[in-house]
Amino acid sequence: MTRVRLSVAQRRGDLLRAAIEQIEARGVAAVRIADVASALGVSNALVLYHFSTKEQLVAAAFRHAAEGDLAHLRKLLGRRSPALRRLRSAVRWYAPTGQAKGWRLWIEGWAAALRDPALREVAQELDRQWKAALAEVIAEGVAAGEFRCPDPAGTALRLTALLDGLAVQLTSYAGAVPRARAQAWVEEALVRELGLAEVSTADAQDAPPDRDGAAAQGL
């Protein structure tokens, strides 16, 4: 049987996706190099050739996941449509409702980041870029006269704080908050933050939740 020889980039990508899957399944503390190797049917030595320690592998896996999420966010916000529609698309994708994926991994990452400087750096950079991207599209909507918001950066922070908190509740405590109610709270927050008189039915249903960015790659 002929064995396909992968490039370094392809092999690293496979290892990172496998690591993400194993972290989701086992948690950061419990996952081992052997788990990642076994998932791909390769040796521990091959994993260690690319990532000399478990800590390096875990940090690289979270960075890979973060880059995937940010790429998907930029795709949503870069569409040629009104700012409100783009903002709602991004928020609905990020929200832990519907088909949202990946939140178990990020909750694991947040916990581990309390003691791991490398993970903390990845999490902080992802958080910073998310807030900056949302604040930018909010400012665009204000400039275009679509809605009112005196503090786009503050609104972006409050929206992401709400979404992150709901993610913890929905992921960690089954049944704590009905998903429909969580989605309604997110819509109410948008209306309140942007000074909207009412929620447009067309806009509210414009982007079905499809949070698959890095999740589709293992997150």
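Bear in mind that the values here come from a model prediction, so they are computed numbers and not experimental data.

Definitions and cut-offs
- Residues numbered from 1 in each chain as written.
- Predicted model: local features only at pLDDT ≥ 70, side-chain atom pairs only at ≥ 80, totals over all residues.
- Heavy atoms only, no water.
- Helix = DSSP H or I, 4+ residues; strand = E, 2+ residues; numbered from the N terminus.
- Buried < 20%, exposed > 50% of the residue type's maximum accessible area, 1.4 Å probe, protein only.
- Contact = heavy atoms within 4.5 Å.
- Areas by Shrake-Rupley, 256 points an atom, 1.4 Å probe, with all protein chains shown as cover.
- Polar contact = N/O pair within 3.5 Å; in protein donor to acceptor, adjacent residues only side chain to side chain.
- Expected span 1.5 Å × (residues − 1).
- Phe/Tyr/Trp six-rings, centres within 6.5 Å; stacked < 30°, edge-to-face > 60°.
- Axes fitted to C-alpha atoms, helices over the stretch in contact; angles between N-to-C directions.
- Parallel < 35°, antiparallel > 145°, perpendicular 65-115°, else oblique.
- Left-handed = near helix turned anticlockwise from the far one by under 90°.
- Nonpolar A, V, L, I, M, F, W, Y, C, P; charged D, E, K, R; others polar.

Caption draft 1: The arrangement of the overall build of the protein in detail. Across its full length, the protein carries 10 helices and 0 strands. Listing each helix as α and each strand as β along the protein from the N terminus yields α-α-α-α-α-α-α-α-α-α. Sorting the 219 residues of the protein into buried and exposed places 47% on the buried side. Of all intrachain contacts in the protein linking residues separated by at least 6 positions in sequence, the fraction that spans at least 24 positions is 71%. Roughly 11400 Å² of accessible area belongs to the protein as shown, and the carbon and sulfur atoms make up 52% of that amount.

Caption draft 2: Highlighting the side chain of E187. Note on placement: E187 falls in helix α9 (residues 179-194). Owing to a relative accessible area of 11%, E187 belongs among the buried residues under this scheme. For E187, the side chain forms a polar contact with the side chain of R88, separated by 3.0 Å.

Caption draft 3: Here's a closer look at the side chain of T155. Examined against the element boundaries, T155 turns out to sit in helix α8 (residues 152-172). Owing to a relative accessible area of 1%, T155 belongs among the buried residues under this scheme.

Caption draft 4: Seen up close, α8. Compared with the 30 Å implied by 1.5 Å per residue over 21 residues, the 30 Å span of α8 between its first and last C-alpha is a close match. Every buried residue belonging to α8 is among P152, G154, T155, A156, L159, T160, L163, D164, L166, A167 and L170, and all of these are buried. On its buried face, α8 is in contact with α5 (83-94), α6 (103-113), α7 (117-143) and α9.

Caption draft 5: The arrangement of the packing of aromatic side chains in detail. In this structure the tally under the stated criterion is 5 aromatic pairs. On the basis of an interplanar angle of 20 degrees and a centroid distance of 5.4 Å, the ring pair of W93 and W130 is categorised as stacked. A residue pair is termed long-range when its members are at least 10 positions apart, and W93 in helix α5 and W130 in helix α7 qualify at 37 residues. Accessibility assignment for this pair places W93 and W130 in one class, buried. Through successive ring pairs, a cluster of aromatic residues spans W93, Y94, W103, W110 and W130.

Caption draft 6: Region of the structure containing helix α2 (residues 33-40). Within α2, the full set of buried residues consists of I33, D35, V36 and A37. Buried residues in α2 make contact with α1 (8-26), α3 (44-50) and α4 (54-77). In the segment just after α2, G41 is the residue with positive phi, at about 70 degrees.

Caption draft 7: Looking closely at the packing of α1 against α2. It is at 9 Å that the axes of α1 and α2 come closest, and there the two elements cross at 120 degrees. In terms of orientation, α1 and α2 fall into the oblique class. The handedness of the crossing between α1 and α2 is right-handed. Residues D14, L15, A18, A19, Q22 and R26 of α1 form the contact with α2, whose participating residues are D35, V36, A39 and L40. In terms of residue class, the contact of α1 with α2 is built from 6 nonpolar, 1 polar and 3 charged.

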